[in-house]
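# Breakdown of the fold
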Amino acid sequence: MRQQSYLARLLASAAMSVMLASGLGGCQTTGVPDITGSLGAKANTNSASDPNQAAEVYGERFRANPKDADAALKYGQALRAIGQRAQAVAVLERAAILNPGNKAVLAGWGRALADNGQSQQAFDVLSRAHTPANPDWRILSVQGTTLDKLGRHDEARRYYDSALRIAPDEPSVLSNLGMSYVLTKELPKAEEVLRRAYASARADSRIRQNLALVVGLQGRFDEAESIVKADLPADEAEANVAYLKQMLGRGGNARAGAGDVLAQGARKS
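Please read these numbers as outputs of a predicted model, since none were measured by experiment. (Residues numbered from 1 in each chain as written. Predicted model: local features only at pLDDT ≥ 70, side-chain atom pairs only at ≥ 80, totals over all residues. Heavy atoms only, no water.)

## What to know about helix α9 (residues 153-166)
For clarity, the threshold we go by: The helix count covers DSSP runs of H or I at least four residues long, the strand count covers runs of E at least two residues long, and both are numbered beginning at the N terminus. Multiply 1.5 Å by the residue count of a helix minus one, and that product is the helix's expected span. Summary of the burial criterion: residues with accessible area below 20% of their type's maximum are buried, those above 50% are exposed, and those between are partly exposed, where the area comes from a 1.4 Å probe applied to protein chains only. Directions pointing from the helix axis toward each C-beta atom define the arc.
Taking 1.5 Å of rise per residue, 14 residues should cover 20 Å, and α9 covers 20 Å from first to last C-alpha, within 8% of that figure. When we look at burial in α9, the residues that qualify are H153, A156, R157, Y160, A163 and L164. Taken around the axis of α9, the buried residues stretch over an arc of 115°, which confines them to a single face. For α9, the exposed residues set more than 90 degrees away from the buried face come down to D154, R158 and R165.

## Some words on the environment of P188
Along the chain, P188 turns up in helix α11 (residues 187-198). The exposure class of P188 is exposed, given its relative accessible area of 57%. For the pair P188 and Q218, spaced 30 residues apart in sequence, the C-alpha separation works out to 8.4 Å.

## Brief notes about the confidence of the model for the protein
The condition that has to hold: A score between 0 and 100, pLDDT records how confident the predictor is in each residue. We call two residues in contact whenever any of their non-hydrogen atoms come within 4.5 Å of each other.
Taken as a whole, the protein shows an average pLDDT of 80; of its residues, 75% reach a score of 70 or greater. For the protein, helix α15 (residues 258-268) is the element with the lowest average pLDDT, namely 36, and α9 is the one with the highest, namely 98. Taken as a whole, residues 1-48 scores under 50 in pLDDT and shows 168 contacts with residues more than four places along the chain or in a different chain. In this model residues 251-269 is a low-confidence stretch, pLDDT under 50, and it forms 28 contacts with partners more than four residues away in sequence or in other chains.

## Here's the deal with the nonpolar core
We apply this condition: Side-chain atoms within 4.5 Å link the members of a nonpolar core, which is a set of buried Ala, Val, Leu, Ile, Met, Phe, Trp, Tyr and Cys residues.
Ranked by internal contacts, the top residues of the largest apolar core, which has 35 residues, are V182 and L244. When residues in this core are grouped by element, the largest group, 7 residues, is from helix α12 (residues 205-217). If we skip the residues at most four places from it in the chain, L244 touches A212, L213, F221, A224, E225 and V228. Counting 29 residues, the second-largest nonpolar core is a separate cluster that includes Y75, A88, V125 and V142.

## So, unusual backbone geometry
Even without a glycine there, the phi angle at D169 is positive, about 60°. Residue placement: D169 occurs in the loop between α9 and α10 (171-183). Unusually for a residue other than glycine, K185 sits at a positive phi of about 60°. Structurally, K185 can be placed in the loop between α10 and α11. Classification of K185 by relative accessible area gives partly exposed; the value is 40%.

## Thoughts on the side chain of H153
Stated formally: For this analysis, a polar contact is any N or O atom pair within 3.5 Å, provided that within protein one partner can donate a hydrogen and the other can accept it, and provided that sequence-adjacent residues contribute only side-chain to side-chain pairs.
Residue placement: H153 occurs in helix α9. Reaching out from H153, the side chain makes a polar contact with the side chain of D148 at a distance of 2.7 Å.

Given below as structure tokens:
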């Protein structure tokens, strides 16, 4: 049970925050957190390049007109980017109340709830953000991640499968599915799925790092290191290797087996 708890925390920080790939209006950061794509409004790149500036700009717009759904979505996105997750939830909840039935706002609110660790409420809100007659694969994928966080892995995988029927071989969904298998310690299966995601021309660096993490957890650190360094400038490659070592809990013993990594994590917890 302790190992399961450690894995959940490791993945929350390493790849999911909802694990997890292809979500709803996310900001990309270095490392592997929040593997989200976008759903709903995207922030203007000029002001959103600095999330603090974006929070100030869209915060003023939102306070001036709380019914402005676009401002609320971009403000919530900026708040998430600067780590103010509870405030993002509050902003988007208010926007959802003032814009009943606005599915983009519901999606943004659900994503903020997922970021804030409110998995069951996130799942419920996201269920209102699309319909069975018009499902959204991105929402289905994030719903899968909330179910994984709740320990309902078989159910989560049904959501990923539904998403993949709509968007076949979508790498972000495959990445979420792969990380779901990590949560149940099915590492070879996780690696197989993540290699499918990584083979896609649309795979990004976060999927690369998920794959490296899973390879490293199986004790093949040299291979994991080569994955995170591939096709990257030297300074970025070394930063990624350092991050991978940190996530694997290796420190100076980078070649420890995956079992030792999990045992170390259980002792720390």
